[in-house]
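These are the residues of each chain, in order.
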Amino acid sequence: MAFHLEEFTKNKSEMDFKISTLTFNIFSTSSLERFYNYFVVIYNLICFPFILLHLITAFDGEINENIMTTNLYMFGTLLYFIKISLGSYRRKEILELFEKICELFNIEETDEDLQKILVERLKNSLKLWKVCTKWGLRTGVLSISIFGLSMRFNEKIGLIIDIPRTNITSPLLIEGLRSIPTLHAMLTGHYFMTIELAILCLGIPIATEIDILEDYIRISNDKIKTTPNFFKKIIKMHCNVLGDVNLLNETFSEMTFIQFFSSIVFFLIVFLFLRKGTENIDGYLLCLCALMQLLPLCLLGEFIRYKTDKLSDTLYLTNWYELSLKDQKVFLIILGMAQREYGLKAAGMYEVNLSTFIQIIKLAFSYCAILYTFSN
């Protein structure tokens, strides 16, 4: 078994867990996956009405830390339900993408040069995903945990949950209610980090597939002379790659749009926290979490756009004029396909790239400045 396939097999159970969480597969064969999905959804169903009730009863027109925190938790819970709905709706496409990735890792090239390219690229993609999983999950959970604990001991925040027809005077009950935000932050934060890593689990191999195609094209001048069917292989692979990119874009079109909108709200609350108290660590930890939620997706979109744009240049630099007349005609069609604009788009309208990432931060900061001005 090749090294990259062995590593993929070792990590497949972890990938299955993240894909199961992304698609909200409550009928998964794994008892751990079923328990996790059931527990998180039941917990959020119970907490959401109590958080909403507190927001309705506590808001008196003033934007304070308690109201900002309650809004943050309410919006996070609402976002959770939206994401599990979209994941369930796109389950077929997500599983199809994952199946294509499994097939990619199981490819064995008979040509030694091609096999070397394949192994090296797939090995690097696994390393990248493992680094993102290891440090992304740890950093995210640690930041959210510290944020939750700091809120527990922040007297300005207090309770964010109201229980109707209940006089909360018991110290034990008050302690329990004040501990709920910490648990809520850790649980919901872990879920969001898990599905972000699941998207990267699908996106990174697709980006790697583009790299593999580009490397194949670069050595095509020599291979076409020695391998008669190599040009047909390039054409087939090119169509598959563009098809996979389009499938990835279609699968996460709605989810990326929701991600953009939620990030504006998330950054808005973050900036309000920082304006209200620049000395508090809460706002900086929230800022880190907001960056980790949006930046990887935008980097993935930027990378895919850059690589697909570069494909047309790589194709043009081949010795296409040495091909037969029939193959030259096919080459022109492929070149025309490569010159189109590919990449990720939110709701089919907004580009998923670093430029959009910066625009979202600017927009959130502008709204923050307006709200802060009117609340003081």
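Residues numbered from 1 in each chain as written. Predicted model: local features only at pLDDT ≥ 70, side-chain atom pairs only at ≥ 80, totals over all residues. Heavy atoms only, no water.

- Per an unreviewed UniProt entry, the protein carries the name Odorant receptor and comes from Lutzomyia longipalpis.
- For the record of the protein, the UniProt heading Subcellular location (unreviewed entry) holds the text "Cell membrane".
- Recorded under Sequence similarities (unreviewed entry), the UniProt text for the protein is reproduced unchanged: "Belongs to the insect chemoreceptor superfamily. Heteromeric odorant receptor channel (TC 1.A.69) family." (UniProt positions renumbered as here; feature names shortened; annotations may be inferred.)

## Looking at unusual backbone geometry
Outside of glycine, negative phi angles account for most residues, and trans bonds account for most peptide bonds.
So, step 1. Despite not being glycine, Phe24 has its phi angle at roughly 50°, a positive value.
So, step 2. Tracing the sequence through the fold places Phe24 in the loop between helix H1 (3-22) and helix H2 (31-58).
So, step 3. Of note, the phi angle at Ala347 is positive, near 60°, even though the residue is not glycine.
So, step 4. One can find Ala347 in the loop between strand E1 (345-346) and strand E2 (350-351).
So, step 5. Exposure remark for Ala347: the relative accessible area of 33% places this residue in the partly exposed category. (Helix = DSSP H or I, 4+ residues; strand = E, 2+ residues; numbered from the N terminus. Buried < 20%, exposed > 50% of the residue type's maximum accessible area, 1.4 Å probe, protein only.)

## Re a nonpolar patch on the surface
So, step 1. There is a patch of nonpolar side chains on the surface, built from Phe27, Tyr38, Ile42 and Ile46 and spanning about 450 Å² of accessible area.
So, step 2. The residue Phe27 is located in the loop between H1 and H2 in this model. (Patch = residues over 30% accessible without salt bridge, like charges linked within 9 Å, V, L, I, M, F, W, Y side chains within 5 Å. Areas by Shrake-Rupley, 256 points an atom, 1.4 Å probe, with all protein chains shown as cover. Salt bridge = Lys/Arg side-chain N within 4 Å of Asp/Glu carboxyl O.)

## Considerations on the nonpolar core
So, step 1. By size, the foremost hydrophobic cluster in this structure holds 114 residues, and its most contacted members are Leu22, Tyr80, Leu202, Tyr216, Leu248, Phe252 and Ile304.
So, step 2. For this core, the element with the most residues is helix H6 (residues 171-218), which contributes 20 residues.
So, step 3. Among all residues touching Phe252, those that are not within four sequence positions of it are Leu22, Ile94, Leu97, Ile199 and Leu202. (Core = buried A, V, L, I, M, F, W, Y, C linked by side-chain atoms within 4.5 Å. Contact = heavy atoms within 4.5 Å.)

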